[in-house]
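Descriptive structure summary
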Amino acid sequence: MLELSKGNQNLMIRRARTEDAVELNEFYKNIMLETDHFGYEVDEFHITDEQQAHTINMFNQADNAILLVATLNDKIVGNLSFRAGSSKKIQHVGEFGIQVLKNYWNLGIGKELVKCLINWAKENEKVYKISLRVRADNQNAIHLYKTLGFMEEGILKGEMMCNGVLYDLIYMGIVVD
Ligand SMILES: CC(C)(COP(=O)(O)OP(=O)(O)OC[C@H]1O[C@@H](n2cnc3c(N)ncnc32)[C@H](O)[C@@H]1OP(=O)(O)O)[C@@H](O)C(=O)NCCC(=O)NCCS
């Protein structure tokens, strides 16, 4: 979908393929060890490679969902998944999650992933709005989303608990029509 050079490395953003399943599972496990800003903890992650391949297939068949990977020299370093609703009343709006391996933060990979999502959504006939929930102390993520035009829509009090501590989430959204 997109290819550009960063130094001597090739960054590519593309849809995930079923053959990415094994590497994607490893990627998620690393992310869970590196950051609290992910919905699962590592001891809760029991998705087999076959299930991951099935999930990738489902994303690729849906007309209002997309699963992207960012690769640097063919290694998966980032991921974004967006899924809109399945019923008629909510099939135009969905939320996304995004992760980049810590060694590759602040290189613009997250921004390229979200830009790719926005461009895809603009072309998509069903999707009208992209939303997300972000922990209120996740400053780099909030900065990234605001830079790309996402607006704060509300605060969800105590919606996430990490190591026994409650955190507020900020609900953000952008209309792409
Ligand atoms: C959030 C995340 C995806 C961003 O990925 P990334 O590749 O580092 O993002 P980018 O490099 O495109 O952009 C990061 C921006 O944050 C800025 N930034 C870094 N630290 C910051 C801080 N403490 N406060 C404010 N902005 C900060 C960077 O300068 C950059 O902005 P710029 O492009 O205007 O210079 C990545 O940090 C990540 O995977 N975090 C763990 C999982 C997560 O938090 N996911 C989001 C859950 S909602």
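Every value quoted in this text rests on a predicted model; they were computed, and no experiment measured them. (Residues numbered from 1 in each chain as written. Predicted model: local features only at pLDDT ≥ 70, side-chain atom pairs only at ≥ 80, totals over all residues. Heavy atoms only, no water.)

1. Structural notes on the pattern of salt bridges
The test is simple: The working definition used for a salt bridge is a side-chain nitrogen of Lys or Arg within 4 Å of a carboxyl oxygen of Asp or Glu. Here a helix means four or more residues in a row that DSSP labels H or I, a strand means two or more in a row labelled E, and each is numbered from the N terminus. Accessible area is worked out with a 1.4 Å probe on protein chains only. A residue is then buried under 20% of its type maximum, exposed over 50%, and partly exposed in between.
Within the structure shown, the criterion is met by 10 salt bridges. For aspartate 63, the salt bridge is made with lysine 126, and the minimal N-O distance between the two is 3.0 Å. Remark: lysine 126 occurs in the loop between α3 (109-123) and β6 (129-135) and aspartate 63 occurs in the loop between α2 (49-61) and β3 (65-72); sequence separation between them is 63 residues. Taking the relative accessible area as the measure of exposure, lysine 126 reaches 33% and is therefore partly exposed. The shortest N-O distance in the salt bridge between lysine 115 and glutamate 112 comes to 3.5 Å. Of this pair, lysine 115 and glutamate 112 both sit in helix α3, three residues apart, roughly one helical turn. For lysine 115, a relative accessible area of 34% puts it in the partly exposed group. Since its relative accessible area comes to 17%, glutamate 112 is described here as buried. Through salt bridges with shared partners, one network takes in Asp36, Arg135 and Asp137.

2. Some words on the side chain of asparagine 25
Stated formally: Identification of polar contacts relies on pairs of N or O atoms within 3.5 Å, with a donor-acceptor requirement for protein atoms, meaning one able to donate a hydrogen and the other able to accept it, and with residues adjacent in sequence counted only if both atoms are side-chain atoms. It only takes one pair of heavy atoms within 4.5 Å for two residues to be counted as in contact.
Take asparagine 25: it is sitting in helix α1 (residues 21-34). Residue class for asparagine 25 comes out buried when judged on its relative accessible area of 0%. Of note is the side chain of asparagine 25, whose polar atom sits 3.1 Å from the backbone oxygen of isoleucine 47. Apart from the residues lying within four places of it in its own chain, the contact partners of asparagine 25 are Phe45, Ile47, Thr48, Asp49 and Gln52.

3. Points about the UniProt feature "domain: N-acetyltransferase" (unreviewed entry) in the protein chain
Just so we agree on the cut-off: UniProt positions are given in the numbering used here, feature names are shortened, and annotations may be inferred rather than shown by experiment.
Using the residue numbers shown here, the UniProt feature "domain: N-acetyltransferase" (unreviewed entry) corresponds to residues 11-177. Secondary structure over residues 11-177 splits into 31% helix and 37% strand, and the C-alpha atoms at its two ends are 28 Å apart.

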